[in-house]
Amino acid sequence: MLERPGPAGGPARTGGIRLFILRRILQGLLVLVLVSIVVFAATQALPGDPARAILGRGATPASLAALRDQLHLNQPKVVQYLTWAGGLLHGDAGRSFAAQEPVSKLLGDRIVNTAFLLLVSGVISIPLSIFIGAYAALWRDRPFDVVTSLATLVFAALPEFVVGVALVVLFATTVFHFLPAITLIPPGGRPWDQPIAIILPTLTLVLAVTPYVVRIMRASMVEVLESDYVEMARLKGLPERIVLRRHALPNALGPTFQVIAINLAYLAGGVIVVEYIFNYAGIGGALRDAVFNRDLPVVQAIAMIIAGLYVALNLLADIATILVTPRLRTRL
Amino acid sequence: MADTPMERLGDLTASTLTRRRLLINAGVLAGGAMLAGPLAACGTSSPNAAGGSPKRGGNFRLGVTGGGSGDIIDGQKIVTKPDQARLVAGFETLLEYDTNYKLQTTGLAESVTQDAPDKWTIKLKSGITFHNGKPLTSDDVIYSLQRISDPKQGLFGTAGLNSVDPNNIKKVDDRTVTLNLKQADSTIGDQLGQYYNGIVPVGYTRAGEQIGTGAYKVQSFTKGQQSVHVRNTNYWRSGLPYFDTVTIIDFPDVAAQVNALLSGQIDAMTDIPAAQINVVKSHSNLAILEGQGADWRPLCMAIDMPPFDDVKVRQAMRLIVDRNAMLQQVFSGHGRIANDLYSPFDPAYDSSLPQRHQDIAQAKSLLHSAGKDNLVVDLHTTDGAAGMVDSANIFASQAKAAGVTVNVHNDPNYYGDQYLKLAFSVDFWGTRNFLPQVANGSIPTAPYNECHWPPKDSNYISLYQDALKEVNASKRADIIHQMQKLEYDQGGYIIPMFNNLVDAYATKVGGFNNGSKATLNLDSFGHGYRSIYFTA
């Protein structure tokens, strides 16, 4: 099956990419298996014991023993892990200790809600930050560049809960009153049913991610604009528009994609804080609740979802980088 | 003493009824005491002066602190605080407490009488129906009480109805039931008014349809998020309730809850943090509702474990506390200082005992005579209820003045193997009257006797049994005073204060009673949402 990459431009090139993607998917799966072991081990190390967290003050030795038995906490750890991991392969994430419901039922709507928030934030922040970064590089040291540099530095330094709270104070509760302070998604409802309610959480996430991408895009673009091949293109007499679009931008995007992927993956974690601020019914709230209740199956399921997102985003970033970078593309 | 796992939370706000007070009010002193209506529906605390007459309709949106995937709806149990808000929307009790913490026959029972020390009779009002139109009858009462008495159900009321023989609850006619007790018990009236002893229809289960007699029935419920309750069109109190729907929303984060109130997304919220009270007050369309709670966070000294097996050490520790300072620091002053005794709303509470104040010199001298100069003790606490960790830390800092070193251990596994076996620990309790509280925490058979009270050589237990048998309220109060004196002089509890319930609401909502002694938040959620409304 192994296909030798052919010379540049030959048919082996696409085969090379396919093979590369296949290899990366297999690597990703391996990473997920390792992550599942780490997640399982980490949840076992959480201070406090689920049975005790559930029983609270009523935790008599007898009731603790009975509940531990019911939750299969008395089985050897390896057996517990294999049961859990085996279930995951069949799409069964187990039952929540606290809610006594399948994890999939508990998280189903919340996953959709969180995914939508991440998607909207990504769709807004990626083009926006690429545009701002490239534009700032083009107008280096001009007012636009100076202002955006300062602004991105400030927003990059601010944790998202500060940004979120400031936005609430500014637009919802104290200064102005025209946006809802929290996102109330009625059960069974969808976040896109009431777009006005997701403006502030989306804005918070956009402000959390954009600065990093802007800065890396700007740096990368500045480097490319000073490169020999851009100078060559200009000397050739190509119009500046073509120079930028055909020669500068694609080369500057490569490193930026990596940063975008890392930042989007970071969003999947940052969303926990943002959901908390806005009482947004997503997996972040569920994770917080589950950690508090020592609801291990839910913690594990959410950790695996976030890990899966990391792997998927990195895979996409690698593929995108290769597609926009001729040097890498032809080397496959 | 089967007790339920999550009683901790129930306890935070469990109301304590005063049957004794009721009897006194009714002018009944001996023999067949009787609680009978009609009595005033509300106490003397004044409804809010928001102005405006009641308007029908609208969706009342309530934000409740806490909640999560452990949420339940059950007419006889709660796990999280939003569960309380949901329970009282759909379920009602036989007797009710008014806003002065007096037991009244405003509930489902027309009368509840103690015919003999070990026999009670319940007579239902006529014309009451459940949400599905089925009339309320004796069978439902029997089913409800048997469900509460079943230890396997894990309900809050089980310990309180310990004296009830579930197989000896007799139907006299469609509206009359007699309870034949296993032993004399003067506290049954109290128990029947506890919000978590709701009356459910025959065959009720938590997993089945949520059918009660309350003002609102459940339309939808999603754990950890929200529930919607629609007006019960068959409601037996004519003309009530006012709202079309009540929406109860969980808020794990109190800051989001305050923001939702400030931006008008909810109409009322429970448990406003002290730091936000002035923010709310600065908005003319919002108001604070403060109820006189009687929740308490005792520091518990086990009287049979060193160094607290010496009564002088216990007395010294009680003199170390600066109660006012602790109330300020833990609850920003929203509460009242306490006198190491619980159940302040009980009519038999002995307020003639002198208020104990900080007295470091006396504490030092007691410790010295006990041979415990430079005492070092471990104090165990956990984040089980607001104020538990703060109380421990503040006590530790106050104790330094008396030369006592207190090492505070904040342990997430506190409610486990060690609980109730510790020499010195912090715990939390809700409001109860004295005798029900003793049954829960101050006798050897109590489920949570942190202090291992009473001392072996004391007559406390025989006094307790006498009090349960005593039908005459004033004689019973005399016995209770003797019990309180024993705890005041020798007890293991340090009870520095009782904290208030501080909530906030939009002033377009009328009908809340400020200063109410209702034991649940927001004037017991506007008495199950039936006495509150949007103003015209």
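A quick note: this is a predicted structure, and the numbers were derived from the prediction, not measured.

Trainee: Quick rundown of the overall build of chain A? Include the residues and the values.
Mentor: Within chain A, the regular secondary structure consists of 13 helices and zero strands. Dimensions along the principal axes, computed over C-alpha positions, put chain A at roughly 85 × 65 × 35 Å. Every one of the 332 residues in chain A was classed for burial, and the buried ones make up 38%. Intrachain contacts of chain A at a sequence separation of at least 6 include 69% that bridge at least 24 residues.

Trainee: Quick one: what's the story with the sheet that holds strand β2 (residues 54-55) of chain B, residue by residue and with numbers?
Mentor: Residues and elements named next belong to chain B. Ordered by their spatial adjacency, three strands build an open sheet running β2-β23-β22, and the pairing between neighbours is antiparallel. Where the open sheet ends on each side, the last strands, each with one partner, are β2 and β22 (509-510). Here β2 pairs with strand β23 (residues 533-535) via two bridges, running antiparallel. Residue P54 lies in a different strand from β23, and its bridge partner there is T535.

Trainee: Quick rundown of the packing of helix α5 (residues 103-138) of chain A against helix α6 (residues 143-157) of chain A? Include the residues and the values.
Mentor: All names here are of chain A. Viewed as axis vectors pointing N to C, α5 and α6 meet at an angle of 130 degrees, and their least axial separation amounts to 8 Å. Judged by the inter-axis angle, α5 sits oblique to α6. The way α5 lies across α6 gives a crossing that is left-handed. Contacts between α5 and α6 involve I132, Y135 and A136 from the former and F144, D145, T148 and S149 from the latter. Here the contact of α5 with α6 is composed, by residue class, of four nonpolar, two polar and one charged.

Trainee: Tell me about the packing of α5(A) against helix α12 (residues 296-324) of chain A, residues and numbers included.
Mentor: All names here are of chain A. Running from N to C, α5 and α12 point in directions that differ by 45 degrees, and their axes come no closer than 10 Å. It follows from the interaxial angle that α5 and α12 lie oblique. Both α5 and α12 take part in a crossing whose hand is right-handed. Along the contact surface, α5 presents V103, L106, L107 and I111, while α12 presents P297, V298, A301 and I305. Among the residues forming the contact of α5 with α12, the class breakdown is eight nonpolar, no polar and no charged.

Trainee: If you had to explain helix α8 (residues 199-225) of chain A to someone new, which residues and values would you point to?
Mentor: The principal kink in α8(A), of about 30 degrees, is found at T210(A), preceding the proline P211(A) by one to four residues. The element α8(A) is largely enclosed, with a buried count of 21 among its 27 residues.

Trainee: Lay out the nonpolar core in plain terms, naming residues and giving numbers.
Mentor: In this structure, L62(B), A316(B), I320(B), A504(B), Y505(B) and Y529(B) are the most contacted members of the largest nonpolar core, which totals 204 residues. For this core, the element with the highest residue contribution is helix α10 (residues 240-278) of chain A, accounting for 18 residues. Contact partners of A504(B), with chain neighbours within four places excluded, come to L261(B), M269(B), I272(B), V280(B), L286(B), A287(B), I288(B) and L289(B). Formed by 16 residues, the second largest nonpolar core is a distinct cluster that contains A348(B), V438(B), A477(B) and M483(B).

Trainee: I'd like a description of the confidence of the model for chain B, backed by residues and values.
Mentor: Residue and element names in this part refer to chain B. In the predicted model, chain B carries a mean pLDDT of 87, and the fraction of residues at 70 or more is 90%. Predicted confidence for residues 1-46 stays below pLDDT 50, and this span has 161 contacts to residues more than four positions away or in other chains. For this predicted complex, the interface confidence comes out at an ipTM of 0.78, alongside a pTM of 0.83.

Trainee: Give me the lowdown on the pairing of strand β6 (residues 109-116) of chain B, citing residues and values where you can.
Mentor: Residues and elements named next belong to chain B. Summarising the sheet, β6 and strand β7 (residues 119-124) pair through six bridges and their orientation is antiparallel. Pairing of S111 across the sheet is with K123, part of β7. Taking the residues between adjacent antiparallel strands as the criterion, β6 and β7 are bridged by two residues.

Trainee: Tell me about unusual backbone geometry, residues and numbers included.
Mentor: Note that the residue after L240(B), namely P241(B), is joined by a cis bond; omega there is -10 degrees. Among the secondary structure elements, P241(B) is positioned in the loop between β11 (226-231) and β12 (245-251). If you check the backbone angles, Q100(A) has positive phi at about 55 degrees while not being a glycine. Along the chain, Q100(A) falls in the loop between α4 (77-89) and α5. Judged by the 13 C-beta atoms lying within 10 Å of it, Q100(A) falls in the partly exposed class.

Trainee: Talk me through the environment of L463(B); I want residue IDs and the actual numbers.
Mentor: All names here are of chain B. Looking at where L463 falls in the secondary structure, it is placed in helix α13 (residues 460-469). Owing to 19 C-beta atoms within 10 Å, L463 belongs among the partly exposed residues under this scheme. Along the sequence, L463 and I479 sit 16 residues apart, while their C-alpha atoms lie 6.3 Å from each other. Ignoring any residue separated from it by four or fewer positions in sequence, one finds L463 in contact with I479, Q482 and M483.

Trainee: Give a detailed account of the pairing of strand β9 (residues 176-181) of chain B, specifying residues and quantitative values.
Mentor: All names here are of chain B. On β9, burial follows the alternation: V177, L179 and L181 on one face are buried, whereas T176, T178 and N180 on the facing-out side are not. Where β7 lies against β9, five bridges are found, and the strand directions are antiparallel. Across the sheet, residue T121 finds its bridge partner in β9, namely T178. Bridge count for strand β8 (residues 164-173) against β9 is five bridges, and the pairing is antiparallel. Note on β9: the bridge partner recorded for V164 is L181. The antiparallel pairing of β8 with β9 creates a hairpin that spans two residues between the two strands.

Trainee: Describe the environment of N278(B), naming the residues involved and giving the relevant values.
Mentor: Residue and element names in this part refer to chain B. You can see N278 is positioned in helix α7 (residues 277-281). The exposed category is assigned to N278, around which 9 C-beta atoms lie within 10 Å. C-alpha separation for the pair N278 and I288, spaced ten residues apart in sequence, amounts to 9.3 Å.

Cut-offs used in this document
- Residues numbered from 1 in each chain as written.
- Chains lettered and ligands numbered in written order.
- Predicted model: local features only at pLDDT ≥ 70, side-chain atom pairs only at ≥ 80, totals over all residues.
- Helix = DSSP H or I, 4+ residues; strand = E, 2+ residues; numbered from the N terminus.
- Buried ≥ 20, exposed ≤ 12 C-beta atoms within 10 Å, placed from the backbone.
- Contact = placed C-beta atoms within 7 Å.
- Pairing = 2+ DSSP bridges.
- Axes fitted to C-alpha atoms, helices over the stretch in contact; angles between N-to-C directions.
- Parallel < 35°, antiparallel > 145°, perpendicular 65-115°, else oblique.
- Left-handed = near helix turned anticlockwise from the far one by under 90°.
- Nonpolar A, V, L, I, M, F, W, Y, C, P; charged D, E, K, R; others polar.
- Bend = angle between axes of the 7 residues up to and from the residue.
- Core = buried A, V, L, I, M, F, W, Y, C linked by C-beta atoms within 7 Å.
- pLDDT = per-residue confidence, 0-100.

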